[in-house]
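Each chain, written out:
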Amino acid sequence: MEFLMILSITLLVSIFFAFLLFNKKPKNLPPGQMGWPYIGESLEFGKSGLKGEPEKFIYDRIAKFSSQVFKTSLLLQPTVVVCGPAANKFLFSNENKLVQVWFPDAVKKILPTTAQTSSYVESKRLRLMLPNFLKPEALVAYISMMDSIAETHFASGWEGKKEVTVFPLTKRYTFLVACKVFLSIDDPEHVATFADPFEVLAAGLNTIPIDLPGTPFRRSIKAANELRKRLVHIIKQRKIDLEENKASPTQDVLSHMLSVTDENGQPMTEIYIADKIIALLIAGHDTASAVLTCTLKFLSQLPHIYNEVLKEQMEIAESKKPGELLNWDDLQKMKYTWNVANESMRLAPPSRGTFREAITNFDFSGFSIPKGWKLLWSSHSTHWNSEYFPDPKKFDPTRFEGKGPAPYTFVPFGGGPRMCPGKEYARLEILVFLHHVIKRFSWEQLIHDEKIIVNPMSVPEKGFPARLIPHKA
Ligand code: HEM
Ligand SMILES: *[C@@H]1O[C@H](CO)[C@@H](O)[C@H](O)[C@H]1NC(C)=O
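Please read all numbers here as calculations on a predicted model, not as lab measurements.

1. Considerations on the sheet that holds strand β12 (residues 465-470)
Next up, step 1: Read from one edge of the open sheet, 3 strands run β4-β12-β9, paired in antiparallel fashion. Taken across any chain shown, the strands that pair with only one partner, and hence form the sheet edges, are β4 (163-165) and β9 (441-445). Within the sheet, the average angular offset between the axes of one strand and its neighbour, ignoring direction, is 35 degrees.
Next up, step 2: The pairing of β4 with β12 spans 3 bridges and is classified as antiparallel. Counterpart to T165 in the pairing with β12 is P465.

So, in structure tokens, the structure goes:
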């Protein structure tokens, strides 16, 4: 009894001193509220997205604290949300100087190799492994692959159907493309064996990382292990095929990764490569398919814009001989269509923003940011702001004509050294898909005023069920 008393007094005293010690706050933190203990404002943040009002969390606080910079607590981390083009520029240009990319704990646990080295080394390696994704010219070879995949995908998933749900179909398309371009797998049944565990994996990434039986997080870890096993198997086989000249060192992303060495001249391990492929599949999967789904939804309500896209695409379609595949020049002609996709990414950015971590104490906008705190840039803070996009809720692709948006206001792909390396690849697969869908159909929404929610990507709440109307021959 006495022992317990002493223990609790000691505890209290040490908590008191710990409080004094940690309460020596830097003087001038940004204004804001830290929310509930532990979970902070994570729920409010998440809910605003699920309600289809992702900007509200941000704009409410900007108004309340009269500041473009405010503190909060998200994903169990003290976080400073920074808004506006100056903030975007600051974060993007201080990568590895003041800040570094930070991944939530769930991601690190599901893909442990993400956390093995510093974020800086990871980023350098990733870019070494991905030259074909960085340069538009290097992607030329993928256009015809994407075109033939789209052809078979439309034949099996769309043609002859009266009604479809768009999001699962666009996901199937982007996944087929990824399996082909990353791994040279094009047998649909083989692809399907990857698609299922992959969905389970992806579902766990945005949950609270509690590793208990039955949680989406636990299922996600299991699915990642399963996928990793299968990929390692494919990697081992590829090594043999490369040695026996049965595979080419340039045929896909996997072959390329096998030829790259790390900073010390060592080849990457099989597990490491497997995790990088999984990471690419995650980064590229729901994003491009969400953009496609939102674009189709916007077009269903905007006949004049639909008609402009149709005109541009039919000119290209009519210039092709039967069976001739799309090429680089065709894609360069899809200017209006790309502006439409950009406008769709402005209004429904796949990413709400990404986190950085302060790697040192520094000042931003007159406030001190403590080392270790997280910073979050926000696409909605500029995309939906009338200062940069007049009448911001209006879908208007002509915003992207001429000089286009001011620097650092349109940021669907992030920016700086960590800007999305899949940007050009995404552009190609989006344009090829839009070509195929619009040359076959027009479509009507089946759910009146279906909301676009953020979960965590912007997508129509029910995946956009639509009625297909084939063009008359
Ligand atoms: C429309 C589709 C896409 C959008 C809107 C998008 C958006 C983004 C954003 C916002 C980031 C974070 C950038 C930052 O923090 O500054 C990112 C990172 C990344 N994206 Fe994409 N992405 C798309 C498609 C893809 C595709 C198709 C791939 C791969 C095939 C891909 C691979 C990656 C990778 C690997 C990263 C991490 C880069 C790093 O940490 O250095 N993305 N993307
Ligand atoms: C469309 O978006 C891409 C990606 O952010 C950008 O590079 C491009 O400049 C935009 N197009 C126009 C015309 O602004």
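2. A look at the nonpolar core
Next up, step 1: Ranked by internal contacts, the top residues of the largest apolar core, which has 100 residues, are W158, F182, V437 and W443.
Next up, step 2: Residue contributions to this core peak at 14 residues, all from helix α13 (residues 270-300).
Next up, step 3: When near neighbours in sequence (up to four residues on either side) are disregarded, W443 contacts L296, L299, S300, Y306, V437, I438, F464, A466, R467 and L468.

3. So, the sheet that holds strand β3 (residues 99-101)
Next up, step 1: With respect to topology, 5 strands assemble into an open sheet ordered β1-β2-β8-β5-β3, the strand pairing being mixed. The two strands at the open ends of the sheet, each matched to only one other strand, are β1 (69-74) and β3. On average, each strand axis in the sheet is inclined to that of its neighbour by 35 degrees, with strand direction left out of account.
Next up, step 2: Sheet topology note: the β3/strand β5 (residues 355-358) ladder contains 3 bridges and is antiparallel. Bridging from a neighbouring strand, V101 pairs with R356 of β5.

What counts and what doesn't
Residues numbered from 1 in each chain as written. Chains lettered and ligands numbered in written order. Predicted model: local features only at pLDDT ≥ 70, side-chain atom pairs only at ≥ 80, totals over all residues. Heavy atoms only, no water. Pairing = 2+ DSSP bridges. Helix = DSSP H or I, 4+ residues; strand = E, 2+ residues; numbered from the N terminus. Axes fitted to C-alpha atoms, helices over the stretch in contact; angles between N-to-C directions. Core = buried A, V, L, I, M, F, W, Y, C linked by side-chain atoms within 4.5 Å. Buried < 20%, exposed > 50% of the residue type's maximum accessible area, 1.4 Å probe, protein only. Contact = heavy atoms within 4.5 Å.

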